[in-house]
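Overview (structure and organization)
For reference, the chains in residue letters:
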Amino acid sequence: MALADELRRLLADEIVADDAETLAAHSGDKWFAAEQPEVVVFAERTEQVRALLRFANEHHVAVTARGAGYGYVGGCVPVRRGIALSLARMNRIREINFADAVAIVEPGVITGQLQRAVRKQKLFYPPDPASLENCTIGGNVATNAGGPRCLKYGVTRNYVVGLEIVLANGDLLRTGGRVHKNKTGFDLTGLFVGSEGMLGVVTEITVRLIPHPPARATLSAAFDTMQEAAAAVQEIFARGFLPSSLEIADHFVLEAARRDVGTASVPAGNAHLLVDVDGQLESVRVEIELLREIVEARRPNYVEVATEEADCEKLWALRRQFSNSLRATGLTKLNQDIVVPRSHLVDLVEFAEHLRAKYGFPVATFGHAGDGNIHVNIMADRYNREAAVREQVEHALDDLFQQVLAWGGVITGEHGIGLAKKRWWPQATSDVSRELHRALKRTLDPNGILNPGKFLD
Ligand SMILES: Cc1cc2nc3c(=O)[nH]c(=O)nc-3n(C[C@H](O)[C@H](O)[C@H](O)COP(=O)(O)OP(=O)(O)OC[C@H]3O[C@@H](n4cnc5c(N)ncnc54)[C@H](O)[C@@H]3O)c2cc1C
């Protein structure tokens, strides 16, 4: 019997699809690789996920979980075909509890929806990937997603206090719970956060919440050089400030934005800095003025401060446009979410110039300066059309990752390894670490059915 028919009999007709359109829509994410599954299952309840995995484990069928398919590294591409397991229909917020400061959600809830729902109760779920209006909490857990606010508030991992996970054999594992501290045994919750769908399928998530800061302020500044902007970043920390976000962008990004949205909307200069602080109204007002003094003393080309939410968002509009402006160049934007120790910010920008000179691609850098998670975007012409261009890009990435690792940095801070970074996984990890990863995988998924073909194969 065909796989789809067997699954219809096992589960329910309306949650199993194998028409061409659905298969194509579940073949990849926002990276370049694609492979069609044989069948797509749209789980609506944990029990269906359990029945599906019991079946797949017994018959050695590959199962690749997916949320919204907004990943950047091909993580949900069903490389070995089999079953694409969509969690998108498991999208209920089960509970938001102010007294316990937790929310309990299904994995298909969109991150931005959760943030808005908890805010109605003056609660805050801080992790803010740029994709938050599209990606799911389940995907965020599986990739340990981050974003600008993670400088002050930490990444997804720092908010997940409990998980319900269906293991490869269909067993149900519950880790943690609704308490904010818990040291009962090993940190199993932490093991599954960032496991990219290879150790189990997440079917329920408990996140801790914090009080929503009532006020916020933003400072936008532009400097002639990246060196000046990076020095301002270091001084902000040296003077004892911990902004909620601290974003930087280089001259290629600013030039792309000028061509895209017009010179009037982009301040003059070759380096842009955006700083956010939040907290109580009075302290935020004092802090932003002190930050203005620090930045102005460094003679920027421009400084602007906003203290009302709408005005802050106006200053952020430029930052939010950067990705689109880079795409509007017509070049293919290959975004690498590397992290360097913060002292290497300027070295990184200089290294990007070196790559540009060596390979001839423009290289645009912007991102989270505060935690060294700078997105290095190789901007390639004819990337999808010419194998020679793709090969050159691979060489440029070899150079980039080798240098980042030599500085003590890492090849991914928030997107994950997936398929995109599989080639560099051996360089980025030790033999002992890789063997431990494989041993964990063998223990939890001895038949290798969960998201096979990724970096552990
Ligand atoms: C424009 C854009 C901006 C982005 N900005 C950011 C950013 O600022 N920060 C950041 O961290 N990321 C960012 N990303 C990457 C992406 O949004 C995140 O990786 C996000 O967490 C993916 O969520 P998803 O629901 O789309 O997951 P998918 O792409 O569907 O899946 C991602 C991985 O998670 C696994 N998975 C999904 N759901 C489950 C589950 N329930 N159980 C087990 N495994 C599961 C999949 O197998 C896959 O390995 C961006 C992407 C785009 C396209």
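Residue numbers restart at each chain and count upward from 1, following the sequence in its written direction. For a predicted model such as this one, the threshold for reporting local features is a pLDDT of at least 70, and the threshold for listing and counting side-chain atom pairs is 80 or more; totals across whole chains, interfaces and linings nevertheless cover every residue. Side-chain numbers here rest on the full set of heavy atoms in the structure, without hydrogens or water.

**Describing the nonpolar core**
Working definition of a nonpolar core: buried Ala, Val, Leu, Ile, Met, Phe, Trp, Tyr and Cys residues. They are joined through side-chain atoms within 4.5 Å. Classification of residues uses two cut-offs on accessible area relative to the type maximum, computed with a 1.4 Å probe and protein chains only: under 20% is buried, over 50% is exposed, and between them is partly exposed. Counting residues in hydrophobic clusters, the biggest one holds 60 residues, and the most contacted among them are L246, L291 and L400. Counting from the N terminus, the helices are the DSSP runs of H or I reaching at least four residues and the strands are the DSSP runs of E reaching at least two. At the level of elements, β12 (215-223), α8 (226-238), β13 (245-249), β14 (271-279), α10 (281-296), α12 (345-359), β18 (373-380) and α13 (387-406) are the ones that each hand at least two residues to this core. No other element matches the 8 residues that α12 contributes to this core. An automatic or database domain assignment is the source of the domain bounds shown. Counting only domains with at least three residues in this core, you end up with domain 3 (213-328) and domain 4 (330-439). Look past the residues within four positions of L400 in its chain and what remains in contact with it is Q336, L348, F351, L355 and V376. Judged by nonpolar contacts, the second largest core, of 27 residues, contains A12, A43, L87 and L450. It only takes one pair of heavy atoms within 4.5 Å for two residues to be counted as in contact.

**Quick look at the site of the ligand**
Near, as used in this document, describes a residue that has one of its heavy atoms within 4 Å of the molecule or strand being considered. Taken together, the neighbourhood of the ligand is formed by 33 residues, with A65, G67, Y70, S131 and T136 sitting nearest. In the environment of the ligand, an oxygen atom lies 2.7 Å from a nitrogen or oxygen atom belonging to the backbone of A65. Pairs of N or O atoms are called polar contacts if they sit within 3.5 Å, as long as, within protein, a hydrogen donor faces a hydrogen acceptor (for residues adjacent in sequence, only side-chain-to-side-chain pairs). Between the ligand and the protein, one listed contact pairs an oxygen atom with a backbone N or O atom of A68 at 2.9 Å. Only the protein chains shown count as cover for residues, and all accessible areas are computed by the Shrake-Rupley method using a 1.4 Å probe. Contact with the protein chains hides 94% of the accessible area of the ligand, taken as 980 Å² for the molecule alone. Counting residues per element, the ones that place at least two in the shell around the ligand are β3 (63-66), α5 (137-143) and β10 (201-208). Broken down by element, the residue count for the shell around the ligand peaks at 5 residues, all from α5. Tallied by class, residues from the shell around the ligand come to 14 nonpolar, 15 polar and 4 charged. When residues of the shell around the ligand are assigned to domains, at least three map to each of domain 1 (3-86) and domain 2 (93-211). Each residue is assigned to one of three groups, with Ala, Val, Leu, Ile, Met, Phe, Trp, Tyr, Cys and Pro labelled nonpolar, Asp, Glu, Lys and Arg labelled charged, and all others, Gly among them, labelled polar.

**Topic: the state of the cysteines**
The rule for a disulfide is simple: a pair of cysteine sulfur atoms within 2.5 Å. Using the criterion set out here, one finds 0 disulfides in the structure. With no disulfide of its own, C135 lies 12 Å from the sulfur of C150, the closest cysteine sulfur. A residue is classified by how much of its surface remains accessible, and C135, at 8% relative accessible area, is buried.

**Topic: the sheet that holds strand β16 (residues 332-336)**
Strands pair, by our definition, only if DSSP identifies at least two bridges between them. Ordered by their spatial adjacency, 7 strands build an open sheet running β15-β12-β14-β13-β17-β18-β16, and the pairing between neighbours is antiparallel. Looking along the sheet, the strands with just one partner apiece sit at the ends: β15 (302-306) and β16. This sheet shows a mean twist of 15 degrees between the axes of neighbouring strands, independent of strand direction. The pairing of strand β17 (residues 363-368) with β18 spans 6 bridges and is classified as antiparallel. Across the sheet, F366 pairs through a bridge with H375, a residue of β18. Axis definition: a line fitted to C-alpha atoms, limited for helices to the stretch in contact. Angles are taken between N-to-C directions and run from 0 to 180 degrees.

**Brief notes about the packing of α12 against α13**
Relative orientation of the contacting elements α12 and α13 amounts to 155 degrees, with a least axis distance of 11 Å. When the axes of α12 and α13 are compared, the pair comes out roughly antiparallel. α13 is crossed by α12, and the crossing has right-handed handedness. Between α12 and α13, the contacting residues are L348, F351, L355, K358 and Y359 on the first element and Q392, H395, A396, D399, L400 and Q403 on the second. Looking at the contact of α12 with α13 residue by residue, the classes come out as 6 nonpolar, 3 polar and 2 charged. Angular relationships are summarised with four words: roughly parallel below 35 degrees, roughly antiparallel beyond 145, roughly perpendicular across 65 to 115, and oblique for the angles in between. Take the far helix as your reference; a near helix turned counterclockwise from it by less than a right angle gives a left-handed crossing, and one turned clockwise gives a right-handed crossing.

**A closer look at the pairing of strand β4 (residues 83-86)**
Where burial is concerned, the two faces of β4 agree: the one with I83 and L85 and the one with A84 and S86 are both buried. Sheet analysis places strand β2 (residues 39-42) next to β4, joined by 4 bridges and oriented parallel. Paired with F42 across the two strands is S86, which belongs to β4.

**Details of the domain arrangement of the chain**
Partitioning the chain into structural domains gives domain 1 (3-86), domain 2 (93-211), domain 3 (213-328) and domain 4 (330-439). Counting from both sides, the interface comprises 9 residues of domain 1 and, opposite them, 12 residues of domain 4. A buried area of about 770 Å², summed over both sides, lies between domain 1 and domain 4, and 75% of it is on carbon and sulfur atoms. Two parts placed together each lose some accessible area; with a 1.4 Å probe, that loss summed over both constitutes the buried area. Taken as a group, F32, Y72 and V73 account for 71% of the area that domain 1 buries against domain 4, more than any other trio of residues on that side.

**Some thoughts on the sheet that holds β2**
Reading across the sheet, the 4 strands line up as β1-β2-β4-β3 and stay open at both edges, with mixed pairing between neighbours. Each having just a single partner strand, β1 (16-17) and β3 make up the two edges of the open sheet. Pairing of β3 with β4 involves 4 bridges; the strand directions are parallel. If you follow R66 over to β4, its bridge partner there is S86. Strand contacts of helix α3 (residues 46-59): β2, β3 and β4, with the helix running at about 165 degrees to β4, the strand carrying the most contacts.

**Observations concerning the packing of aromatic side chains**
Ring pairs are drawn from Phe, Tyr and Trp, using the six-membered ring of Trp, whenever the two centres fall within 6.5 Å, and their geometry is named by plane angle: stacked under 30 degrees, edge-to-face over 60, tilted for the rest. Across all of its chains, the model carries 9 aromatic pairs by this definition. When the centroid spacing of 6.0 Å and the interplanar angle of 70 degrees are considered together, the rings of W31 and F32 count as edge-to-face. Relative accessible area serves as the criterion here: at 37%, F32 is assigned to the partly exposed category. Ring geometry for F322 versus F366: centroids 5.8 Å apart, planes at 75 degrees, classification edge-to-face. Of this pair, F322 sits in helix α11 (residues 309-327) while F366 is found in strand β17, placing the two residues 44 residues apart along the sequence. Of the two residues examined, F322 and F366, each falls in the buried class. Chaining the aromatic ring pairs together yields one cluster made of W31, F32 and Y383.

**Comments concerning the pattern of salt bridges**
We count a salt bridge whenever a side-chain nitrogen from Lys or Arg sits within 4 Å of a carboxyl oxygen from Asp or Glu. Per the stated rule, a full pass over the model turns up 37 salt bridges. Residues D276 and R216 are paired through a salt bridge, measuring 2.8 Å at the closest nitrogen-oxygen approach. Pair noted here: D276 is in strand β14 and R216 is in strand β12, with a separation of 60 residues, a long-range link. The same class applies to D276 and to R216, which are both buried. Close ionic contact of D431 with R434 constitutes a salt bridge, the shortest N to O distance being 2.5 Å. Here R434 and D431 lie together in helix α15 (residues 431-444), a separation of 3 residues that amounts to about one turn. With a relative accessible area of 57%, D431 lands in the exposed category. Overall, R434 belongs to the buried group, its relative accessible area being 14%.

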